[in-house]
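# Fold and contact review
Given next are the chains, with one letter for each unit.
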Amino acid sequence: MNDATDKKQPHIQHYADGVASVMRKAVVYTELRFYMRSDVLYQLTQVFCQRYLPRYGDRTVDQMVQAARSTKQNIAEGSTDGQTSTETELKLLGIARGSNQELLEDYQDYLKRKGMPEWFGKNERFDRLHRFCQEHTRWEDYQPLTARMNDEELANMAICLCHQVDRAMAKYMERKDREFTTEGGIRERMTAARLGQRETQRQIIERQAAEIAALRQENARLQALLKAGGQPGQPGQPGQPG
């Protein structure tokens, strides 16, 4: 199957006055579940670093906080830029995934250094943690727990969230990639928007022309009726009731 048959026309948005827009439908990134989890990770990482890592002489703190922040911020920026450029969106989301992976490894390294286990597989604690992270996406749900959790528990919670963010982002990026492959980028959208606008204008002109022709026809009928002495709009013989 060639490119011509694989391609499909982009879905074009329109303003209230009917003018076509080249921009995609805006993504409310704050409603993306992987963005909300990335925000939880950012807040959780700050708590973890302040509580369990030295404030001075260890670059790990800055690296972990920056990796968590980069994940969250690049999701936000990429989703916003995606209105006009899928290429930019995918690039920034790729950076976000890389930062999330870096953060994941920092937490895994911490557990290794401390001789603590990473929870996974058939583990009761892991099952409860995994279920909680699946069902909750807002920091307000996690914050009350952090005061009661130790470093092993917090690190494993962060690791669980990192894996969930990565899987969700991978699926989201695949969908965006498929959209770009089938619909094209901004140039294709600009072309489709211009063609669509021309088609809309042509339809308006044709409708107006048809309305003018109908009005002219009605005007001619009324003039002929008046010349014949009839009453406009009344059936029967001219000048006589029907």
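These numbers come from a predicted model, not from an experiment. Numbers given for residues are sequential positions, taken from 1 along each chain in its written order. Owing to the predicted nature of the model, reporting of local features is limited to residues with pLDDT of at least 70; listing and counting of side-chain atom pairs is limited to 80 or more, with chain, interface and lining totals taken over all residues. The basis for every side-chain value is the complete set of heavy atoms in the structure, and neither hydrogens nor water enter the calculation.

Once that is clear, we can look at the overall build of the chain. Note on conventions: DSSP H or I runs of at least 4 residues are helices, E runs of at least 2 residues are strands, and numbering of each starts at the N terminus. Scanning the chain for helices and strands turns up eight helices and two strands. Counted from the first residue to the last, the chain has its helices and strands arranged as α-β-β-α-α-α-α-α-α-α. Using a 1.4 Å probe on the protein chains alone, a residue whose accessible area is under 20% of its type maximum counts as buried, one over 50% counts as exposed, and one in between counts as partly exposed. The buried share among the 242 residues of the chain stands at 35%. Contact criterion: two residues are considered in contact whenever any of their non-hydrogen atoms come within 4.5 Å of each other. The contacts in the chain between residues at least 6 apart in sequence include a share of 72% that link residues at least 24 apart. Here the chain has roughly 15,300 Å² of accessible surface; of this, 50% comes from carbon and sulfur atoms. Calculation of accessible area relied on Shrake-Rupley with a 1.4 Å probe; when residues are assessed, cover is drawn exclusively from the protein chains displayed.

Where empty space is left becomes clear once a probe the size of a water molecule has been rolled over the atoms. Estimates place the volume of the second largest pocket at around 200 Å³. Residue lining of the second largest pocket: Trp119, Arg125, Arg128, Leu129, Phe132, Leu145, Arg148, Met149, Glu153 and Met157, and that is the complete set. The set of elements that each furnish at least two residues to the lining of the second largest pocket consists of α5 (124–135) and α7 (151–183). The element best represented in the lining of the second largest pocket is α5, accounting for four residues. Asp, Glu, Lys and Arg are counted as charged, while Ala, Val, Leu, Ile, Met, Phe, Trp, Tyr, Cys and Pro are counted as nonpolar; the rest, among them Gly, fall into the polar class. A per-class count over the lining of the second largest pocket returns six nonpolar, no polar and four charged. Cavity means a closed set of points on a 1 Å grid over the protein atoms alone, one where a 1.4 Å probe fits but cannot get out, pocket means an open set with protein on both sides within 12 Å along at least 5 of 7 lines, and lining means a residue has an atom within 4 Å of a point. Grid points are joined across faces, edges and corners, and a volume is the space filled by probe spheres set on the points.

With that out of the way, let us pick up the pattern of salt bridges. When a carboxyl oxygen of Asp or Glu is within 4 Å of a side-chain nitrogen of Lys or Arg, the pair counts as a salt bridge. Here the structure, examined in full by the defined rule, presents seven salt bridges. Where Glu89 meets Lys176, a salt bridge forms, and the shortest distance between an N and an O atom there is 3.9 Å. With Glu89 in helix α4 (residues 86–114) and Lys176 in helix α7, this pair connects stretches of sequence that are 87 residues apart. Here Arg125 ties to Glu152 by a salt bridge, and the two come within 3.4 Å at their closest N and O atoms. Taken as a pair, Arg125 in helix α5 and Glu152 in helix α7 lie far apart in primary sequence, 27 residues in all. Note on Arg125: relative accessible area 35%, which makes it partly exposed. Taking relative accessible area as the criterion, Glu152 reaches 15% and is therefore assigned buried.

Moving on, we get to the packing of helix α3 (residues 60–81) against α4. Between α3 and α4, whose axes approach to 8 Å, the crossing angle comes to 160 degrees. Classified by the interaxial angle, the pair formed by α3 and α4 is roughly antiparallel. Where α3 crosses over α4, the two elements pack in a sense that is left-handed. For the pair α3 and α4, the contacting residues are Gln63, Met64, Ala67, Ala68, Ser70, Thr71, Asn74, Ile75, Glu77, Gly78, Ser79 and Asp81 in the first and Thr88, Glu89, Leu92, Leu93, Ile95, Ala96, Ser99, Asn100, Glu102, Leu103, Asp106 and Tyr107 in the second. Class assignment of the residues belonging to the contact of α3 with α4 gives a composition of ten nonpolar, nine polar and five charged. The angle between two axes is taken between their N-to-C directions and runs from 0 to 180 degrees, where each axis is a line fitted to C-alpha atoms and a helix contributes only its stretch in contact. Any angle between 65 and 115 degrees counts as roughly perpendicular, while under 35 counts as roughly parallel, over 145 as roughly antiparallel, and the rest as oblique. The sense of a crossing depends on the near helix, which, turned anticlockwise from the far helix by less than a right angle, makes the crossing left-handed and, turned clockwise, makes it right-handed.

What follows is about the environment of Ser79. By secondary structure assignment, the location of Ser79 is in helix α3. Taking the C-alpha atoms as reference points, Ser79 and Leu92, separated by 13 residues in sequence, lie 8.6 Å from one another.

What follows deals with the confidence of the model for the chain. A residue-level look at the chain finds 74% of positions with pLDDT of 70 or above and a mean pLDDT of 82. pLDDT is a residue-level measure of predictor confidence that goes from 0 to 100. Element-level mean pLDDT values for the chain span from 46 in helix α1 (residues 3–6) up to 96 in helix α2 (residues 33–52). In this model, residues 1–5 is a region of pLDDT below 50 whose contacts with residues beyond four sequence positions or in other chains number one contact.

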